[in-house]
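Take a look at the letters that make up each chain.
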Amino acid sequence: MTAIKIPPEHPRAESLRIREKLVEHYHKGVVATAGLIAHGRGEAFDYILGEKTTKPALNAIKAAAATLLTTEKAVISVNGNTAALVAEEIVRLANVAKAKIEANLFYRSFERELKIKELLEKAGAREVLGVSEDASARIPELGSERRRVDPRGILVADVVLVPLEDGDRTEALVKMGKKVIAIDLNPLSRTAQEATITIVDNVVRATPKLVETTGKLKQDLKKCQEILLNFDNKENLAESITLIKERLSKLAEKGEYLTLEDEKHEF
Ligand code: PTJ
C-alpha cells in the first residue's frame, strides 16, 4: 500500500495527514477496521466544532491535569487509534503525570496488543501493561473484551484516562469507584456523558495540551485543588453542546459556505 502524497497547500492537509497515519497503522495491524469508522465519526464532530480546542475543552484539560496530579494511581488506557495518532505524547504524559500505560482493546487480539506495545516502546515507554496473560483481571459486569485488565494497572487505578472509548467500560469503571477522564469529540456519546471529566477535543490536539498543562500545574497542588473545586463536568459538557448549536446557527444565518480557514470564531 503506497501512502498518498499530501500537497502542503491543500486546505484539508492536516486532516488528510491524520487520516493517512490511521490508514498506515491500519495496514500495520495496529488500528482495528472499526477504528477507521470511529475516526470518521470523530472527524464529523471535529468539523462541527471548528477543528479547534474550545474553551470548555481547555477547562476539561485543566481539570484532567489536576486530577492526574492529585491521585495516586493513574493509568492511561491505550487502544489502536490512540497508539497510531499520539504514541509519543502518551509516553510524555505518563512521565509527567507518573502514570502507567496499559493497552486495552475493544477488538482484542494478541497480535494487535503486541504491535501497540512495540509502538509505545518505540515511542519511549518503559512498561506497557495489559498485554496477553498480564490482562488476567476482569472488570465486573462488562461483556466486551475491554473487561480484561491488568491487576497492576486499571484494576487498582484510582483514575483512568480513556481516549476514544466505548460507553460500557466508562460506566463500569465509574461503578468501580474510579475517576474516568475521557477524550471524545462527541459530547453526546455515553462515554462523554458518563465520564468524570470529558475533554471534547481531538486526541491529536488534546493530548499534547494535556502534557503541557500537567507539566505547568505540577508544582502547584493548591491550584489543582482550586481547579477541581470549580469544575463541573455536566456544565462543561453543556457548554460544548451550546457551542455547537451557536456555531451551526451562525453558519446557517450566513447562508453561504464558510470554510474553517476563513472563519473567525472566538472560542
Ligand atoms: O483499538 P480498539 O480495538 O480498542 O478499538 C478502538 C475503537 C475506537 C474502534 C473502539 O473503541 C470503538 O468502536 O469506539 P467507538 O464506540 O466508535 O467510539 C469512538 C469515539 O471516539 C466516538 O465517539 C468518536 O466520535 C470519538 N473519536 C473518534 N476519533 C477521535 C475521537 N475522539 C477524539 N479524537 C479523535 N481523533
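Residues numbered from 1 in each chain as written. Predicted model: local features only at pLDDT ≥ 70, side-chain atom pairs only at ≥ 80, totals over all residues. Heavy atoms only, no water.

Visitor: How would you summarise the site of the ligand if you had to cite specific residues and measurements?
Guide: As a matter of local geometry, the ligand sits amid 22 residues, with Arg41, Phe106, Tyr107, Arg112 and Arg146 nearest to it. Backbone polar atom of Tyr107 to an oxygen atom of the ligand: 2.8 Å apart, as the coordinates give it. Here an oxygen atom of the ligand and a side-chain polar atom of Arg146 are 2.7 Å apart. When the free accessible area of the ligand is taken as 740 Å², the share hidden by the protein chains comes to 94%. Counting residues per element, the shell around the ligand draws most heavily on helix H2 (residues 33-49), at six residues. For the shell around the ligand, the residue count by class is eight nonpolar, eight polar and six charged. (Near = heavy atom within 4 Å. Polar contact = N/O pair within 3.5 Å; in protein donor to acceptor, adjacent residues only side chain to side chain. Areas by Shrake-Rupley, 256 points an atom, 1.4 Å probe, with all protein chains shown as cover. Helix = DSSP H or I, 4+ residues; strand = E, 2+ residues; numbered from the N terminus. Nonpolar A, V, L, I, M, F, W, Y, C, P; charged D, E, K, R; others polar.)

Visitor: Before we move on, can you summarise the nonpolar core with the specific residues and values?
Guide: Counting residues in hydrophobic clusters, the biggest one holds 49 residues, and the most contacted among them are Leu120, Ile199 and Leu210. If you tally residues by element for this core, the top one is helix H4 (residues 80-97), at eleven residues. In contact with Leu210, other than residues within four places in its own chain, are Ile61, Ala64, Ala65, Leu68, Leu93, Leu161 and Ile199. Counting residues in each nonpolar core, the second largest holds 14 residues, with Ile139, Ala157, Ala172 and Leu173 among its members. (Core = buried A, V, L, I, M, F, W, Y, C linked by side-chain atoms within 4.5 Å. Buried < 20%, exposed > 50% of the residue type's maximum accessible area, 1.4 Å probe, protein only. Contact = heavy atoms within 4.5 Å.)

Visitor: Just give me the short version of the pairing of strand S1 (residues 74-78), but keep the residues and values in it.
Guide: Of all the five residues making up S1, five are buried; the element is thus mostly covered by neighbouring parts of the structure. With burial as the criterion, each face of S1 is covered, one bearing Ala74, Ile76 and Val78 and the other bearing Val75 and Ser77. Sheet topology places S1 next to strand S5 (residues 159-163); three bridges connect them, and they run parallel. From the neighbouring strand, Val75 faces S5, where its bridge partner is Val160. Two strands pair when backbone bridges link them, and S1 and strand S2 (residues 100-103) are joined in this way by four bridges, in the parallel orientation. Bridging across to S2, Val75 finds its partner in Lys100. (Pairing = 2+ DSSP bridges.)

Visitor: Please set out the side chain of Arg108 residue by residue, giving values where relevant.
Guide: In this fold, Arg108 is placed in the loop between S2 and helix H5 (110-122). Assessed through its relative accessible area of 13%, Arg108 is described here as buried. A polar atom in the side chain of Arg108 sits 3.3 Å from the backbone oxygen of Glu145. Not counting chain neighbours up to four residues away, the residues in contact with Arg108 comprise Ala103, Glu113, Gly130, Ala135, Glu145 and Arg148.

Visitor: Explain the environment of Lys5 residue by residue, including any values.
Guide: Tracing the sequence through the fold places Lys5 in the segment before helix H1 (13-27). Between the C-alpha atom of Lys5 and that of Leu16, which follows or precedes it by eleven residues, the distance is 9.8 Å.

Visitor: I'd like a rundown of H2, residues and numbers included.
Guide: For H2, spanning 17 residues, the distance from its first C-alpha to its last is 25 Å, which sits close to the expected 24 Å at 1.5 Å a residue. Listing the buried residues of H2 in full gives Gly35, His39, Gly42, Glu43, Phe45, Asp46 and Leu49. Looking one or two residues beyond H2, the residue adopting positive phi is Gly50, at roughly 95 degrees. (Expected span 1.5 Å × (residues − 1).)

Visitor: I'd like a description of the sheet that holds strand S6 (residues 179-183), backed by residues and values.
Guide: Strand order in this open sheet of five strands is S2-S1-S5-S6-S7, and the pairing throughout is parallel. Since the sheet does not close on itself, it has two edges, and those belong to S2 and strand S7 (197-199), each with one partner. Direction aside, neighbouring strands of the sheet carry axes that sit 20 degrees apart on average. Relative to S7, S6 runs parallel, the two sharing three bridges. (Axes fitted to C-alpha atoms, helices over the stretch in contact; angles between N-to-C directions.)

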